[in-house]
Amino acid sequence: MKKRTLQDLSEEQDQINSSYIEINSVQKELYLENQKRLKEKQKEKEQIVVIEDDEIKQQIEENEVQLSFPIGTFCLNCLTQYPTDEKQPHHLPFINILYENAYIDVKTQKPKKTLESALMTCFGFEDELLEPIVKSGVQLFIVYNNDNQNKKLEVIEKYNNYPNWMVIKPSKLSSSIYGGAFHPKIWILKFPKFIRIVIGSQNLHVGDWTIWSQAMWIQDFKLGKSELDQTSQEFKTMLREFLYEILPTSHKFEDLLKIKYDDYDFKDVNIRLITSIPGRFVGNQLYKYGMMRLQSVLYQELCNNKMEIPKQVCVTYQTTSIGQLDNNYIDFALQCCTGRVYKQPLTGEQNNKKVNQMIINQQEEEQSKLKLIYPTADYIENQTHGGVDFANPLHFKKQLYENPKFPKHLFYKYQGSDHYYWHTGNIPHLKVMIITGLDEDINDYTSIYIGSHNFSQGAWGKMEKNATQLYIANTELGVLYPPKKNSAQLKQQIIEQLSFKFPPLKYEKDDVPWIVEAYYEKLYKEHQQQNK
C-alpha cells in the first residue's frame, strides 16, 4: 500500500468534508463555523455559543402564542348603543371573543380564523347569531335548557342538518319535579395552542350581544404545565367536575372538543368558582354548591389572608329575576355572605325567650343589609333604548310582589353607571353581587360575584332539616373575586366598569318594579277606558 503523506490525508479529509457539506446545508454552516473557531480564541468561541443560544431563544419567542387574557379579566358585552369611538377595551363584541386576538378590529383587519371547536352552554340561542360560526367550519356544541315535554330524557342531535353543529339538552331528572332551570353560561373555545374559558351571564340570542348588558370573566390557558397554586388547582378540578355533571356520560367535553384537559396550564387563576347543581346535599357535600359554597369560600379566604370575619355586611345584588323571598331566607343569605357558619334561626319558645335580647343587640349595632337592584317600571317604559319590547330578560311575578310578606323595602334602582355615559338606558341581563362593609367602601374585604345566579332559592339553594341539608333546583355557574389582601384596586376597577350605578339609589315612594303582567294589565285597562 502506498504510504500517504500528511498532504494526502488533508486532501482526503477535505473531500470528505466537501461531500458532507453538499448533503446537508445545515452541517455546512456548522463545518465552516468550526473551521473559523479553530483560528479564534476560546473567549470568541464562547461568544459564538452565546449567540447561538440567543438565536434559539428568539425562535422560541417568535413561536410563543400571544394570549389576550393571560390573567382572568372582567368584561362586558359591546351594546349597539355604545358609539364606536367611545368603546372601552373591556367592551367586547360577540365576534371578537371568537378570535385569538380579542381586541383586534375585526372589520378592518380581517384576522385569520383559527377557532377549531367551541362548547357553549346557555338557556337559549338563535340561529342568526351562531350560523356564521358553523359555516366557517368550527365544530360547535350547544348545551341548553331541556324544553321537551319529557324532560327526564336527554336529547343529543345534529342541528339544522349541519354536520358540525350539535345540540345537547341534558336530562332534568333531578330538577324537573321542582321546575329547576339549566341556567349556566360557560364557553370553552379551542384554539390551536390554547383554550379560552368564558363564564358569565351571556346567552346566545342576538339581543344578548346588542341590547342586554352582560358581564363575563375570561381567561386563556395555553398548552403546557407548571406548578399550580391551590386556587388554580381547585379551579381546574372543579371546572372539570362541573362539566362532567352537566353533560351526558356518553359525551365528555374533552371528546367533543378533541382536547386533553391536563395538557393545558391552568396557572394564575384569580377567582373562585361558585357552582349550583340540582339535588339535596348533606355531610361533606353541604358546602360544595350554592350559597353554602359561597359561605365556605369567604371563610377560607378570610382565614388564609388573616383577615377578621365581619359581623355585618352590605350585600348589593343586581338581579334580573327574583324568586320567592322571606325574612328567613334573607337572614340566611346575609349570614352566609359574612363568611360565618350558618346557624338555623330559633323558632317557637326558643325564639320568644330571646326576643328581648335580640332587640337590645339590634339597638347596639347595625344589622347586615340587603339591597336588590332591579329596574323600575318607569325605567323600562320611559328610559331604556330597547323599551318594553326588549324587557324579556326580566322576570318577577306580580303575585310575589303583592304578597304582604314580600320585603318591598329591599328594592333599589337600576341606573346606568356614572363612569360611562353611554350605559344610560341599558337593559340588564347581568347578575352581580357586591359584598362590602356597611359603608359600601371598596377595599380588600370586598367580594364581587358575576355569573348566572339570580337572587332566588332555586339558584342558590335553601336549607332543610334544621340546616343539615341544602336543596338546590337549578344548574348555575359563576365566579367570585373573594376577600384578599392587595385586591382593592382590581375590585375598584371592576366596580367602575360595571354598566349600572353603585352604590344604588333607593326606590322612591311611587316607584314599582318592572313586572310584565302589571304592564299589560295597565295597557288593557287604558284600552278599555278609551273604548268607553
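Parameters at a glance
- Residues numbered from 1 in each chain as written.
- Predicted model: local features only at pLDDT ≥ 70, side-chain atom pairs only at ≥ 80, totals over all residues.
- Heavy atoms only, no water.
- Helix = DSSP H or I, 4+ residues; strand = E, 2+ residues; numbered from the N terminus.
- Buried < 20%, exposed > 50% of the residue type's maximum accessible area, 1.4 Å probe, protein only.
- Contact = heavy atoms within 4.5 Å.
- Areas by Shrake-Rupley, 256 points an atom, 1.4 Å probe, with all protein chains shown as cover.
- UniProt positions renumbered as here; feature names shortened; annotations may be inferred.
- Core = buried A, V, L, I, M, F, W, Y, C linked by side-chain atoms within 4.5 Å.
- Salt bridge = Lys/Arg side-chain N within 4 Å of Asp/Glu carboxyl O.
- Phe/Tyr/Trp six-rings, centres within 6.5 Å; stacked < 30°, edge-to-face > 60°.
- Polar contact = N/O pair within 3.5 Å; in protein donor to acceptor, adjacent residues only side chain to side chain.
- Pairing = 2+ DSSP bridges.
- Axes fitted to C-alpha atoms, helices over the stretch in contact; angles between N-to-C directions.
- Parallel < 35°, antiparallel > 145°, perpendicular 65-115°, else oblique.
- Nonpolar A, V, L, I, M, F, W, Y, C, P; charged D, E, K, R; others polar.

(A) Seen up close, the overall build of the protein chain. Looking only at helices and strands, the protein chain has 16 helices and 21 strands in total. Out of the 532 residues in the protein chain, the part that is buried amounts to 50%. In the protein chain, of all internal contacts separated by at least 6 residues, the share reaching a separation of at least 24 is 74%. A total of about 28,100 Å² of accessible surface is found on the protein chain, and carbon and sulfur atoms cover 48% of it.

(B) Representation of the UniProt feature "active site" (unreviewed entry) in the protein chain within the structure. Taking the UniProt record as the reference, the feature "active site" (unreviewed entry) is found at His 183 and His 429. Look at the named residues: they lie 247 residues apart in sequence, but the longest C-alpha span between them is just 12.7 Å, so in the fold they bunch up. Within the element layout of this structure, His 183 appears in the loop between β6 (165-169) and β7 (186-190). The class of His 183 is buried, set by a relative accessible area of 11%.

(C) Looking closely at the nonpolar core. In this structure, Ile 197, Trp 217, Phe 235 and Trp 460 are the most contacted members of the largest nonpolar core, which totals 103 residues. Discounting residues that sit within four places of it in the chain, Phe 235 has contacts with Ile 197, Trp 217, Phe 221, Phe 266, Val 269, Ile 271 and Leu 273. Residues Ile 97, Ile 133, Tyr 162 and Val 167 belong to the second largest nonpolar core, which totals 34 residues.

(D) The arrangement of the pattern of salt bridges in detail. Taken as a whole and judged by the stated rule, the model has 17 salt bridges. Taking the shortest distance from any N to any O, the salt bridge between Asp 220 and Arg 196 comes out at 2.7 Å. A residue pair is termed long-range when its members are at least 10 positions apart, and Asp 220 in strand β10 (residues 215-222) and Arg 196 in strand β8 (residues 194-200) qualify at 24 residues. Assessed through its relative accessible area of 2%, Asp 220 is described here as buried. Put simply, Glu 234, Arg 272, Arg 293, Glu 301 and Lys 484 are held in one network by salt bridges that share partners.

(E) Seen up close, unusual backbone geometry. A cis geometry characterises the amide bond from Phe 502 onward to Pro 503, with omega recorded as -5°. Following the sequence through the fold, Pro 503 ends up in the loop between α15 (488-497) and α16 (516-530). One non-glycine residue, Asp 268, lies in positive phi territory at about 65°. One can find Asp 268 in the loop between α8 (253-257) and β11 (272-276). For Asp 268, a relative accessible area of 40% gives the class partly exposed. Unlike most non-glycine residues, Glu 440 shows phi in positive territory, near 60°. On the secondary structure map, Glu 440 appears in the loop between β17 (432-436) and β18 (447-451).

(F) Fine view of the packing of aromatic side chains. In this structure the tally under the stated criterion is 37 aromatic pairs. When the centroid spacing of 5.3 Å and the interplanar angle of 90° are considered together, the rings of Phe 253 and Tyr 261 count as edge-to-face. The exposure class of Tyr 261 is buried, given its relative accessible area of 3%. Each ring, one from Tyr 449 and one from Trp 460, has its centre 5.4 Å from the other, and the planes form 65°; the classification is edge-to-face. Taken together, the residues span a long stretch of sequence, with Tyr 449 in strand β18 and Trp 460 in helix α14 (residues 457-460) at a distance of 11 residues. Neither residue differs from the other here; Tyr 449 and Trp 460 are each classed as buried.

(G) Structural detail: the UniProt feature "binding site: substrate" (unreviewed entry) in the protein chain. When the UniProt feature table is mapped onto this chain, "binding site: substrate" (unreviewed entry) is found at Lys 185 and Lys 431. Relative to the helices and strands, Lys 185 is located in the loop between β6 and β7. A relative accessible area of 0% means that Lys 185 is categorised as buried. In this view, Lys 185 contacts Thr 121, Phe 123, Val 198, Ile 199, Gly 200, Ser 201, Gln 202, Asn 203, His 429 and Ser 452; residues no more than four positions away in its chain are not counted. At a separation of 2.9 Å, a polar atom in the side chain of Lys 185 contacts the main-chain carbonyl oxygen of His 183. Following the sequence through the fold, Lys 431 ends up in the loop between β16 (427-428) and β17. If we skip the residues at most four places from it in the chain, Lys 431 touches His 183, Ser 201, Gln 318, Thr 320, Tyr 449, Ile 450, Gly 451, Ser 452, His 453 and Asn 454.

(H) Up close: the pairing of strand β1 (residues 73-77). Within β1, 4 of the 5 residues are buried, leaving the element largely enclosed by the surrounding structure. Bridge count between β1 and β10: 4 bridges; the pairing is antiparallel. Across the sheet, the residue bridging to Phe 74 is Trp 217, located in β10.

(I) View of the environment of Cys 336. Here Cys 336 lies in helix α10 (residues 327-338). We classify Cys 336 as buried; its relative accessible area is 0%. Considering only alpha carbons, one finds Cys 336 and Leu 294, 42 residues apart in sequence, at a separation of 7.0 Å. Look past the residues within four positions of Cys 336 in its chain and what remains in contact with it is Met 291, Met 292, Gln 295, Leu 298 and Tyr 342.

(J) Main features of the sheet that holds β11. Pairing in this open sheet of 7 strands is mixed, and the strands run β11-β21-β18-β17-β13-β14-β15 from one edge to the other. Unpaired on one side and paired on the other, β11 and β15 (411-412) mark the two borders of the sheet. Most of the contacts of helix α7 (residues 230-246) go to β11, to which it runs at about 25°, and overall it touches β11 and β21 (476-481). Helix-sheet contacts for α10 involve β13 (314-318), β14 (369-373) and β17, and the interaxial angle to β14 is about 105°.

(K) Spatial organisation of the packing of helix α9 (residues 290-304) against α10. Two numbers describe how α9 lies on α10: the axes approach to 7 Å, and their chain directions differ by 30°. One finds that α9 runs roughly parallel with respect to α10. Here Met 291, Met 292, Leu 294, Gln 295, Leu 298 and Leu 302 of α9 lie close against α10, whose contacting residues are Tyr 329, Phe 332, Ala 333, Cys 336, Cys 337 and Thr 338. Of the residues contributing to the contact of α9 with α10, the split by class is 10 nonpolar, 2 polar and no charged.

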